[in-house]
Amino acid sequence: MAEENIWSGTSSQLKNFWAFVACLLVIPIPWAIYRWLLVKSTIYRLTTARLVTTRGIFSTVTDSLELYRVRDLEMTQSFTQRLFGLQDIVLLTADELSPRILIDHIPVALALPDKIRAHVEACRVAKSVRTVDVEDDPGHAQ
């Protein structure tokens, strides 16, 4: 089965609210433009098999996470995010280089966590991947 795009997008510019306020009051406008570009140039792309994150204004870095490596999802909302219908999604993964991936200031209406969860399970089934939790027994001497 070919890999298909499920979703592609960026964080909300609300992420820069206080930076923009500071710019109007104290800091020069080029800094606010830089912050805007930084958010706009971070692109998340969810496919049926991977989450691809591209970051960078002039030179870019692209990270790819195989969805079957996602162990857990965590959704958080600050008070301000709740007012604007946004959320942060944290992916806890089995990847050594990226154990925690943050997708921040994403609209709740996209139902992105449900889409991620569904495709994580589909990838695990397709690859016959199972997760095993191993706990250390503090009473057990080695």
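For clarity, every value in this text was computed on a predicted model and none was experimentally measured.

## Overview of the sheet that holds strand S2 (residues 43-47)
(1) Moving on: Read across the open sheet, the four strands follow the order S1-S2-S3-S4; overall the sheet is antiparallel. The two strands at the open ends of the sheet, each matched to only one other strand, are strand S1 (5-9) and strand S4 (61-66). On average, each strand axis in the sheet is tilted by 15° relative to the strand beside it, whichever way the strands run.
(2) Moving on: Pairing between S2 and strand S3 (residues 50-55): four bridges, direction antiparallel. For Leu46, the partnering residue across the bridge sits in S3 and is Leu51.

## Overview of unusual backbone geometry
(1) Moving on: Located in the positive-phi region is His105, a residue other than glycine, with phi close to 55°.
(2) Moving on: In this structure His105 comes out as buried when scored by relative accessible area, which is 15%.
(3) Moving on: At Ala111, a position not held by glycine, the phi torsion is positive, near 55°.
(4) Moving on: Along the chain, Ala111 falls in the loop between strand S7 (100-107) and helix H4 (112-127).
(5) Moving on: Taking the relative accessible area as the measure of exposure, Ala111 reaches 31% and is therefore partly exposed.

## Focus on the sheet that holds strand S5 (residues 70-76)
(1) Moving on: Here we have three strands laid out as an open sheet, ordered S5-S6-S7, and antiparallel in their pairing. The open sheet terminates on both sides in strands that have one partner only, identified here as S5 and S7. Here the strands of the sheet are splayed against their neighbours by 20° on average, with no regard to which way each runs.
(2) Moving on: One ladder, built from six bridges, connects strand S6 (residues 86-93) with S7; its direction is antiparallel. Each residue of the ladder has a partner; that of Gln87, found in S7, is Ile106.
(3) Moving on: Packed onto the sheet, H4 meets S5, S6 and S7 and runs at close to 175° relative to S5.

## What about a nonpolar patch on the surface?
(1) Moving on: Together, Ile29, Ile33, Trp36 and Leu37 give the surface a local cluster of nonpolar side chains, amounting to about 370 Å² of exposed area.
(2) Moving on: Among the structural elements, Ile33 can be located in helix H2 (residues 29-40).

## Here we look at the nonpolar core
Soluble globular proteins tend to pack their nonpolar side chains together in the buried interior.
(1) Moving on: Membership of the largest hydrophobic core comes to 17 residues, with the highest contact counts inside it found for Leu91, Ile103 and Ile116.
(2) Moving on: When residues in this core are grouped by element, the largest group, four residues, is from H4.
(3) Moving on: Those residues in contact with Ile116 that sit more than four places away from it in its chain are Leu46, Leu73, Ile89, Leu91 and Ile103.

## Points about the environment of Trp18
(1) Moving on: Within the secondary structure, Trp18 sits in helix H1 (residues 17-25).
(2) Moving on: When the C-alpha atoms of Trp18 and Ala32 are compared, they prove to be 10.0 Å apart, with 14 residues separating the residues in sequence.

## Overview of the environment of Asp63
(1) Moving on: Take Asp63: it is sitting in strand S4.
(2) Moving on: For Asp63, a relative accessible area of 37% translates into the label partly exposed.
(3) Moving on: As a C-alpha pair, Asp63 and Tyr44 span 19 residues in sequence and 9.7 Å in three-dimensional space.
(4) Moving on: Beyond its immediate sequence surroundings of up to four residues, Asp63 is in contact with Leu51, Val52, Thr53 and Arg55.

Thresholds, definitions, all that
Residues numbered from 1 in each chain as written. Predicted model: local features only at pLDDT ≥ 70, side-chain atom pairs only at ≥ 80, totals over all residues. Heavy atoms only, no water. Pairing = 2+ DSSP bridges. Helix = DSSP H or I, 4+ residues; strand = E, 2+ residues; numbered from the N terminus. Axes fitted to C-alpha atoms, helices over the stretch in contact; angles between N-to-C directions. Buried < 20%, exposed > 50% of the residue type's maximum accessible area, 1.4 Å probe, protein only. Contact = heavy atoms within 4.5 Å. Patch = residues over 30% accessible without salt bridge, like charges linked within 9 Å, V, L, I, M, F, W, Y side chains within 5 Å. Areas by Shrake-Rupley, 256 points an atom, 1.4 Å probe, with all protein chains shown as cover. Salt bridge = Lys/Arg side-chain N within 4 Å of Asp/Glu carboxyl O. Core = buried A, V, L, I, M, F, W, Y, C linked by side-chain atoms within 4.5 Å.

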